[in-house]
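An overview of the molecular structure
Given next are the chains, with one letter for each unit.
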Amino acid sequence: MSAPLFLIDLPLSEDWDAVEAMRTTLLGCLGVLYPSRDYCETVGMIVAELLENAVKYGAWGPGVVGRLRVTGREAEVEIAVRNRLRDGSDAARLRAVIAEIDAARTPAEAYVERLRLAALNPGPSGGLGLARISYEGSCRLSAHFESDGWVEVRALAAQFDTSIAASA
Amino acid sequence: MEDLNAGELQIKCEAPAPSSLALRMRGKSTSREPAKILMPYLTRCLEAVGKNGTVAVHFEQLDHFNSSTIAAIVQFINAAQDKSTHVELHYDGALRWQALSFDALKRVVKAFEQAGRMPVRFVEVRRT
């Protein structure tokens, strides 16, 4: 694996407005390194969807600080979001969503099924963001559970274009 | 119908013909629960054009939306079909994220159409 071009490591709270601030800040950084606007927007989308999930479904309180870690390499960007889970059922639900996405014939199929469910059941669109990441981001998702109730969800987004604008 | 201004999301409402509305979205739709903002407004639009009217929603000037917004769009399509109102969705096919999002929406709508629901018109445009 090649050496990182950049590493962004930011603390995460339950502040919803911070999600969009982080996405747009990251877009500015990515635009310097990667020539494809589509790729930069895709990585920004992945960051935003993972952060939104963490803020919405995480267990937050005084002193609880999550992390956003974005590691950029020449050919790929890894996004990792770490937060505390509310309870064991959240972990089970997250495992189930990722297993469902992995089991689908294609990422598109998993995403379309989530959209269909969203149409039939108005309300919180559980799992739609993760299915979107897999489909639009063409990336594999993984969740790493820790014994103290924390989870880190990771997505690896390979570049659409192989060249980079800046020489590292 | 009035325009909608909700933080970083703006919707400009035009009435190009009787029983027809064009909604031009600009900015970003990133709120925590976009359905709470969008559905009351879009429902009023559906009521304004009535049965067999048309609501055209233009996304091509929109910079970004979250997946909860996509869920709200699907719910809007469902509500329009319940009211026998025609829906047009205009998007920028040159933007990868819009092309992929609306391609997935087409597949969902196609499944609904096969179950006898009203068709939805998808219009791919290229913003200059």
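Residues numbered from 1 in each chain as written. Chains lettered and ligands numbered in written order. Predicted model: local features only at pLDDT ≥ 70, side-chain atom pairs only at ≥ 80, totals over all residues. Heavy atoms only, no water.

1. Some points on the sheet that holds strand β1 (residues 6-12) of chain A
Residues and elements named next belong to chain A. Ordered by their spatial adjacency, five strands build an open sheet running β1-β2-β3-β5-β4, and the pairing between neighbours is antiparallel. Looking at the sheet topology across the chains shown, the edges are occupied by β1 and β4 (140-145). Recorded for the sheet is a direction-independent mean angle of 15 degrees between the axes of neighbouring strands. Bridge analysis of strand β2 (residues 66-72) against strand β3 (residues 76-84) gives six bridges, and the strand direction is antiparallel. Residue pairing across strands places arginine 69 opposite alanine 80, the latter belonging to β3. The strands that helix α1 (residues 16-33) touches are β1, β2 and β3; relative to β1, the one it contacts most, it runs at about 175 degrees. (Pairing = 2+ DSSP bridges. Helix = DSSP H or I, 4+ residues; strand = E, 2+ residues; numbered from the N terminus. Axes fitted to C-alpha atoms, helices over the stretch in contact; angles between N-to-C directions. Contact = heavy atoms within 4.5 Å.)

2. Some thoughts on the packing of helix α3 (residues 88-103) of chain A against helix α5 (residues 128-136) of chain A
Helices that pack against each other are described as a pair by the angle of their axes relative to one another and the distance between those axes. Residue and element names in this part refer to chain A. Between α3 and α5, the least distance of the axes is 10 Å, while the angle of their chain directions is 30 degrees. On the basis of their axis angle, the class for α3 and α5 is roughly parallel. In this structure, α3 crosses over α5, and the sense of that crossing is right-handed. Facing Leu94, Val97, Ile98 and Ile101 of α3, the residues of α5 in contact are Leu130, Ala131 and Ser134. When grouped by side-chain class, the residues that make up the contact of α3 with α5 number six nonpolar, one polar and no charged. (Parallel < 35°, antiparallel > 145°, perpendicular 65-115°, else oblique. Left-handed = near helix turned anticlockwise from the far one by under 90°. Nonpolar A, V, L, I, M, F, W, Y, C, P; charged D, E, K, R; others polar.)

3. Overview of α1(A)
Quick reminder: α-helices carry 3.6 residues per turn. Residues three or four places apart thus point the same way. Its 18 residues give α1(A) an end-to-end C-alpha distance of 27 Å, which sits within 8% of 26 Å, the value for a rise of 1.5 Å per residue. Taken together, the buried positions of α1(A) are occupied by A:Trp16, A:Val19, A:Glu20, A:Met22, A:Arg23, A:Leu26, A:Leu30 and A:Leu33. Viewed end-on, α1(A) has its buried residues packed into an arc of 155 degrees, placing them on one side of the element. Set apart from the buried face of α1(A) by more than 90 degrees, the exposed residues are A:Asp17, A:Thr25 and A:Val32. Buried residues belonging to α1(A) abut β1, α2 (37-57), β2 and β3 of chain A together with β3 (20-29) and β5 (62-65) of chain B. (Expected span 1.5 Å × (residues − 1). Buried < 20%, exposed > 50% of the residue type's maximum accessible area, 1.4 Å probe, protein only. Arc of directions from axis to C-beta.)

4. Overview of the confidence of the model for chain B
Regions with low pLDDT should not have their predicted coordinates read in detail. Mean pLDDT over chain B: 95, with 98% of residues reaching 70 or higher. Our summary of model confidence lists the complex with pTM equal to 0.93 and ipTM equal to 0.93. (pLDDT = per-residue confidence, 0-100.)

5. Here we look at the packing of aromatic side chains
Under the defined criterion, the tally for this structure stands at seven aromatic pairs over all chains. Considering the side-chain rings of B:Phe59 and B:Phe65, the 6.2 Å spacing of their centres and the 90 degrees angle between planes classify their relative orientation as edge-to-face. Relative accessible area serves as the criterion here: at 1%, B:Phe65 is assigned to the buried category. Aromatic rings pair up to connect B:Phe59, B:Phe65, B:Tyr91, B:Trp97 and B:Phe102 into one cluster. In this structure, A:Arg95 is placed above the aromatic ring of A:Phe145, and the distance from its NZ or CZ to the ring centre is 4.0 Å. (Phe/Tyr/Trp six-rings, centres within 6.5 Å; stacked < 30°, edge-to-face > 60°. Lys NZ or Arg CZ within 6 Å of the ring centre and 35° of its normal.)

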